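Okay, here's what each chain looks like letter by letter:
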Amino acid sequence: MLGKVALEEAFALPRFAERTRWWASMFAVNPDKHAREMNDINDIRIQYMDKYGVGYQILSYTAPGVQDVFDRKEAEALAVEINDYLASTIKAHPDRFGAFATLSMHDPKQAADELRRCVLQYGFKGALVNDTQRAGSDGDDMIFYDSAEWDVFWSTVTELDVPFYLHPRNPTGTMYEKLWAARKWLVGPPLSFAHGVSLHLLGMVTNGVFDRHPRLQVVIGHLGEHLPFDLWRINHWFEDVKKPLGLKETCKKTIREYFAQNIWITTSGHFSTPTLHFCLNEVGADRILFSIDYPFEKFEDACEWYDNAEINEVDRRKIGKDNARKLFKLPDFKDCDA
Ligand code: GRE
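An unreviewed UniProt entry annotates the protein as 2,3-dihydroxybenzoate decarboxylase originating from Cladophialophora psammophila CBS 110553. Of the protein, the UniProt comment under Sequence similarities (unreviewed entry) reads exactly: "Belongs to the metallo-dependent hydrolases superfamily."

J.: Is there a simple way to think about the packing of aromatic side chains in this case?
T.: Aromatic rings in a pair are described by how distant their centres are and how their planes are angled relative to each other. Applying the stated criterion to the full structure yields 23 aromatic pairs. The rings of Tyr 145, Trp 150, Phe 153, Trp 154 and Phe 164 are connected pair by pair, giving a single aromatic cluster. Of note, Arg 287 hangs over the ring of Trp 264, and the distance from its end group to the ring centre comes to 4.3 Å.

J.: Mind showing me how you'd approach the site of the ligand here?
T.: With respect to spatial proximity, the complete set of residues near the ligand consists of Glu 8, Trp 23, Phe 27, Ala 63, His 167, Pro 189, Phe 193, Asp 293 and Phe 296. Glu 8 is positioned with one of its side-chain polar atoms (N or O) 3.4 Å from an oxygen atom of the ligand. Side-chain polar atom of Trp 23 to an oxygen atom of the ligand: 2.7 Å apart, as the coordinates give it. Relative to its unbound accessible area of 280 Å², the ligand is 96% covered by the protein chains.

J.: How should I be thinking about helix 5 (residues 108–122) in this particular structure?
T.: An α-helical turn contains 3.6 residues, so any two residues separated by three or four positions project in the same direction. Taking 1.5 Å of rise per residue, 15 residues should cover 21 Å, and helix 5 covers 21 Å from first to last C-alpha, within 8% of that figure. All of the buried residues along helix 5 are Pro 108, Gln 110, Ala 111, Ala 112, Glu 114, Leu 115, Cys 118 and Val 119. Elements that come into contact with the buried residues of helix 5 comprise helix 4 (72–90), strand 3 (97–101), strand 4 (126–130) and helix 6 (151–160). Sitting at the amino-terminal end of helix 5 is Asp 107, which places a side-chain oxygen 3.2 Å from the backbone nitrogen of Lys 109.

J.: What's the story with the pairing of strand 2 (residues 54–61) in this structure? I'm lost.
T.: A regular strand places its side chains on the two faces of the sheet in alternate fashion. Most of strand 2 is tucked away: 8 of the 8 residues are buried. Relative to strand 2, strand 1 (residues 4–11) runs parallel, the two sharing 6 bridges. Pairing of Val 5 across the sheet is with Tyr 56, part of strand 2. With 3 bridges connecting them, strand 2 and strand 3 associate as parallel partners.

J.: I tried to follow the pairing of strand 7 (residues 164–167) on my own but got confused; where do I start?
T.: Alternating residues of strand 7 divide into Phe 164 and Leu 166 and Tyr 165 and His 167, and every residue in both groups is buried. Taken together, the 4 bridges between strand 4 and strand 7 define a ladder with parallel strand orientation. Along strand 7, the bridge assignment pairs Asn 130 with His 167. In terms of strand pairing, strand 7 meets strand 8 (residues 218–220) through 2 bridges, oriented parallel. When the bridges of strand 8 are listed, Tyr 165 appears paired with Val 219.

Thresholds applied
Residues numbered from 1 in each chain as written. Predicted model: local features only at pLDDT ≥ 70, side-chain atom pairs only at ≥ 80, totals over all residues. Heavy atoms only, no water. UniProt positions renumbered as here; feature names shortened; annotations may be inferred. Phe/Tyr/Trp six-rings, centres within 6.5 Å; stacked < 30°, edge-to-face > 60°. Lys NZ or Arg CZ within 6 Å of the ring centre and 35° of its normal. Near = heavy atom within 4 Å. Polar contact = N/O pair within 3.5 Å; in protein donor to acceptor, adjacent residues only side chain to side chain. Areas by Shrake-Rupley, 256 points an atom, 1.4 Å probe, with all protein chains shown as cover. Helix = DSSP H or I, 4+ residues; strand = E, 2+ residues; numbered from the N terminus. Expected span 1.5 Å × (residues − 1). Buried < 20%, exposed > 50% of the residue type's maximum accessible area, 1.4 Å probe, protein only. Contact = heavy atoms within 4.5 Å. Pairing = 2+ DSSP bridges.

Set out below in structure tokens:
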């Protein structure tokens with residue numbers, strides 16, 4: 001399929017070469033290739049896009065990114081540097097690249113202001129944040145965005161009418177020591193990433209963020225970070241036990257209603273047809289978006305799978321490009337009408 005749109009596609013600042021290699025040492029079998037692909041925007045990436053029928057990508061800063069920076073001032077300055085760099089780097093290819101804003105999430109009002117700047121000044125398509133923000137003098141605090149204090153941020157997101165991508169990051173500090181250190185091979189895609197994002201997103205659901213901001217659109221990757229598989233059970237426990245016990249005070253709708261009205265899932269890093277079929281049943285084609293997860297995953301694996309997956313052509317088109325085109329109000333891009 002030509003003109004696919006991909007949404008969870010990472011880049012890094014070339015000046016952080018050492019950091020990119022550190023991350024690659026945990027997640028890439030060929031760290032040199034990974035670093036080359038991560039630091040490139042306009043060359044290798046466009047060759048892959050042309051070869052595998054990807055018309056447009058929305059780029060985002062790689063994990064853990066600014067969410068790993070526990071000094072507030074440093075985090076805020078880094079986010080601005082990244083946004084300015086990305087805006088100037090993709091300027092040459094408006095028909096191929098869009099951008100997600102990178103945000104420091106230390107302070108809700110400052111995050112909202114930087115998002116507004118990126119959307120109004122640069123035309124960025126939304127924000128992508130890597131799960132909780134590290135904070136505190138030793139980086140051991142974690143800021144979640146599911147409390148009422150964050151309403152000022154979510155109001156800005158909905159006022160600007162842009163989606164918010166909740167992306168994973170690695171567990172750190174005491175959490176890492178207690179849960180993961182003795183089981184380090186489970187850090188990342190095998191388990192910890194889905195764990196973190198699911199906790200955070202369900203925190204937003206149960207703490208009433210979507211009730212207070214009913215137009216908010218949140219995207220999660222990896223075919224829903226295990227949540228679609230658990231929808232029946234979550235719904236059963238919310239409706240039959242937790243709501244009678246008090247959850248109904250903060251969470252008015254059912255989990256399925258939030259999935260139908262506020263939540264999107266992407267195929268990033270999860271190229272399985274049986275799982276996609278399952279998500280088509282549980283979540284529906286109108287809420288699924290194609291993505292790759294480059295350079296952690298290969299264009300070849302994502303695109304050859306997707307182009308040949310046994311799904312009907314109406315759904316292939318929606319998931320492959322049309323849903324994203326509408327959700328992100330994309331400009332015309334290469335092969336957008338193919
Ligand atoms: C990511 O999407 O950021 C990611 C990593 C590490 C491994 C896999 C992956 O940062 O998808």
